[in-house]
Amino acid sequence: MNQIRTAIIGQGRSCRDIHGVNLSKMPEMYKIIAIADSIENRRERASREYSCDVYENYQGLFGRKDIDLVINALPSHFHVPVTAEFLNNGFNVLCEKPLARKAGEVDMLIETAEKNNKLLAIFQQSRFNEAFKEIKRIIDSGILGRIIQISCQFNGFARRWDWQTLQEYNGGNLLNTGPHPVDQMLRLLDYDEMPEIKCYMNRVDTFGDAEDYVKILMTAPDKPVIDLEISSCNAYPKFMYNIQAQYGGLCGDNSRLDYKYYVSETAPKQRLTREPLENPDGTPAYCGEKLEWVEKSWSPGSNKSKNGSSYVPSAPADEPTVAFYTMLYNHILNGGNLEVTPKQVLQQIAVIEECHKQNPMK
């Protein structure tokens, strides 16, 4: 089997425009052989676009033995029951985010996959975003020293009135958008247990009953403070990432990152003093020094310092969805690492569940 024979459940915005479009770019790895959708014109379009079998009900797939992977991209409140149904019918399943609303549901899906000896994978493609991978590389390099705070904003200004604004459909900013930045921030926090959480939510311009403003403060022993916002009422979003650290910091977004740091060995030697500081002429002085900054910037495809002292071209960046599916292909066919694990997503959903507990929406 060189191609992974794939069935996609649903042909809505995510199913078609993310999964279908990108899998069509990877014919050497994936072949879409079946689509299920309850809407007739979507089935007709899928039949034309993918030359595949189409089904009105996803249960029509249960008798097939030629499907290697089922993608569950139905609306969010169908993720848990339909994923469990396919696992129990002997299929490998990739489920869209959010995987669930509660950690107990994730535990159930993990147990179901293990019981049936089937793959449970979760679509968290933002883990493969080039800017995020560069941020992690910079942090791991140690040049910024100890990380004190990581601020992340997935913000903008928008009103919304579709099904994803409703609690009964697992809507709201935290479950709609939140799985992406929460996943990223948990990877940077690098803490296996449940972190300390303080969360604030509000409903502002949404037409549904779920939140469209979320602020999460998250930390753990000997770890940085994570300050995460997911807001639809921010008319002036200025940055996506901002890191405060021992030797410098980083600020930027997916199109550009700027970071600077000083090298401690070359910094002026200072010592603590209790005596009043004075200028050379004897007048009172403010405590200040001049640090020599190393300043660099990054954009997709390059790593270049502002002073031009270094330029290192990097490999062309895979679009995150393609990168995710390449990883999944290598896992299924070649035994490579499953880089987004159900256990990691269990921690993410536990954080989301705690945030909802702290902010019950009437």
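Residues numbered from 1 in each chain as written. Predicted model: local features only at pLDDT ≥ 70, side-chain atom pairs only at ≥ 80, totals over all residues. Heavy atoms only, no water.

With reference to specific residues and values, describe the pairing of strand 2 (residues 30-36).
Of all seven residues in strand 2, six are buried, a share of seventy percent or more. In terms of strand pairing, strand 1 (residues 4-9) meets strand 2 through six bridges, oriented parallel. If you follow isoleucine 4 over to strand 2, its bridge partner there is tyrosine 30. Traced from strand 1 through helix 1 (residues 13-23) to strand 2, the parallel crossover comes out right-handed. Pairing of strand 2 with strand 3 (residues 53-55) involves three bridges; the strand directions are parallel. The partner of isoleucine 35 across the bridge, within strand 3, is valine 54. Crossover handedness for the path strand 2 to helix 2 (residues 40-50) to strand 3: right-handed. (Buried < 20%, exposed > 50% of the residue type's maximum accessible area, 1.4 Å probe, protein only. Helix = DSSP H or I, 4+ residues; strand = E, 2+ residues; numbered from the N terminus. Pairing = 2+ DSSP bridges. Right-handed = clockwise from strand over helix to strand, strands pointing away.)

With reference to specific residues and values, describe the pairing of strand 7 (residues 147-153).
With five of its seven residues buried, strand 7 lies for the most part within the structure. Here strand 7 runs beside strand 11 (residues 241-245); their pairing, made up of five bridges, is antiparallel. What sits directly across from serine 151, in strand 11, is asparagine 242. Summarising the sheet, strand 7 and strand 10 (residues 225-231) pair through five bridges and their orientation is parallel. When the sheet's bridge partners are listed, cysteine 152 is paired in strand 10 with leucine 228.

Account for the packing of helix 7 (residues 179-189) against helix 9 (residues 342-358), with residues named and values stated.
Between helix 7 and helix 9, the least distance of the axes is 10 Å, while the angle of their chain directions is 115 degrees. In terms of their interaxial angle, helix 7 and helix 9 are classed as roughly perpendicular. You can see that helix 7 and helix 9 cross each other, and the crossing is right-handed. Each of Pro179, Val182, Asp183, Leu186 and Arg187 in helix 7 lies in contact with helix 9, whose residues at this interface are Gln344, Gln347, Gln348, Val351 and Ile352. The residue inventory of the contact of helix 7 with helix 9, partitioned by class, reads five nonpolar, three polar and two charged. (Axes fitted to C-alpha atoms, helices over the stretch in contact; angles between N-to-C directions. Parallel < 35°, antiparallel > 145°, perpendicular 65-115°, else oblique. Left-handed = near helix turned anticlockwise from the far one by under 90°. Contact = heavy atoms within 4.5 Å. Nonpolar A, V, L, I, M, F, W, Y, C, P; charged D, E, K, R; others polar.)

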